[in-house]
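Tertiary structure, described
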Amino acid sequence: MISTSELTQLVEKSIADRDAFIVTVEISASNAITIELDSKEGLDMELCAEINRSLQAHYGEELDNYDLEVGSTGLTTPFKIVKQYENVVGEKVEVVTKEGKKLKGIMKEANNEHFTIEVEMMVKLEGAKRKTLQKQDFTFAYGDVKSTCRMIEI
């Protein structure tokens, strides 16, 4: 029987000298193995194919009982791990809070406890007649958001 911990170790060994990192390794009840990778610079499909081949070589016929999928996370797929937040510091993101509020801004900081985005908002300053565009920081614990995604501007 194939375990997620053994799969994770094998994939980590395969990407040790690369810029890539593991986002998820899952084995479903229907024997579907899903391995999602990400990278600051983006992944090429050759790396995914290489990992697929190395797992096939390691497990041999045992893998015939599973549906194996090795791929990269999508550009606009919600983040799942802290490393994905760290990789987009300085880039534009969209955060959806658990209350459903959407904020778009620049990722300023990300660590193991929380992340901070800088959002430009129209704010009425004390004594002013009109609202002005101001930058405001919002800090979130990871559990306080529904999703965070990279924003792609064309």
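Whatever comes next refers back to the structure up there.
Presented here is an overview of the structure given in this document. (Residues numbered from 1 in each chain as written. Predicted model: local features only at pLDDT ≥ 70, side-chain atom pairs only at ≥ 80, totals over all residues. Heavy atoms only, no water.)

Bringing the sheet that holds strand S6 (residues 114-124) into the picture now. Strand order across the open sheet formed by 5 strands is S7-S6-S5-S4-S8, with antiparallel pairing between neighbours. Both outer strands of the open sheet, strand S7 (131-141) and strand S8 (145-150), are each paired with one neighbouring strand and no more. The mean angle between the axes of side-by-side strands here comes to 35 degrees, regardless of whether they run parallel or antiparallel. (Pairing = 2+ DSSP bridges. Helix = DSSP H or I, 4+ residues; strand = E, 2+ residues; numbered from the N terminus. Axes fitted to C-alpha atoms, helices over the stretch in contact; angles between N-to-C directions.)

Across a sheet, strands are paired by hydrogen bonds formed along the backbone, either parallel or antiparallel in direction. Spatially, the 3 strands line up as an open sheet ordered S1-S2-S3, and their pairing is mixed. Looking at which strands have only one partner, the edges of the open sheet turn out to be strand S1 (20-27) and strand S3 (67-72). For this sheet the average axis-to-axis angle between neighbouring strands, irrespective of direction, equals 15 degrees. Relative to strand S2 (residues 32-39), S1 runs antiparallel, the two being bridged by 7 bridges. The residue of S2 that forms the bridge with isoleucine 22 is leucine 37.

A few words now on the environment of leucine 55. On the secondary structure map, leucine 55 appears in helix H2 (residues 45-59). Setting aside its immediate chain neighbours within four residues, leucine 55 contacts Leu7, Leu10, Val11, Ile35, Gly60, Leu63 and Leu68. (Contact = heavy atoms within 4.5 Å.)

Next up on the list: the packing of aromatic side chains. Each aromatic ring pair is summarised here by two numbers: the centre-to-centre distance and the angle between the ring planes. Under the defined criterion, the tally for this structure stands at 5 aromatic pairs. Ring geometry for tyrosine 85 against tyrosine 142: centres 4.7 Å apart, planes inclined by 75 degrees, an arrangement best described as edge-to-face. Here tyrosine 85, found in helix H3 (residues 82-87), pairs with tyrosine 142, found in the loop between S7 and S8; they are 57 residues apart in sequence, far enough to count as distant. Residue tyrosine 85 is classed as buried on the basis of its relative accessible area of 5%. Tyrosine 142 sits in the buried class, given a relative accessible area of 18%. Following the ring pairs from residue to residue traces out a cluster consisting of Phe79, Tyr85, Phe115, Phe140 and Tyr142. (Phe/Tyr/Trp six-rings, centres within 6.5 Å; stacked < 30°, edge-to-face > 60°. Buried < 20%, exposed > 50% of the residue type's maximum accessible area, 1.4 Å probe, protein only.)

As far as function goes, none of this settles anything; it's purely spatial.
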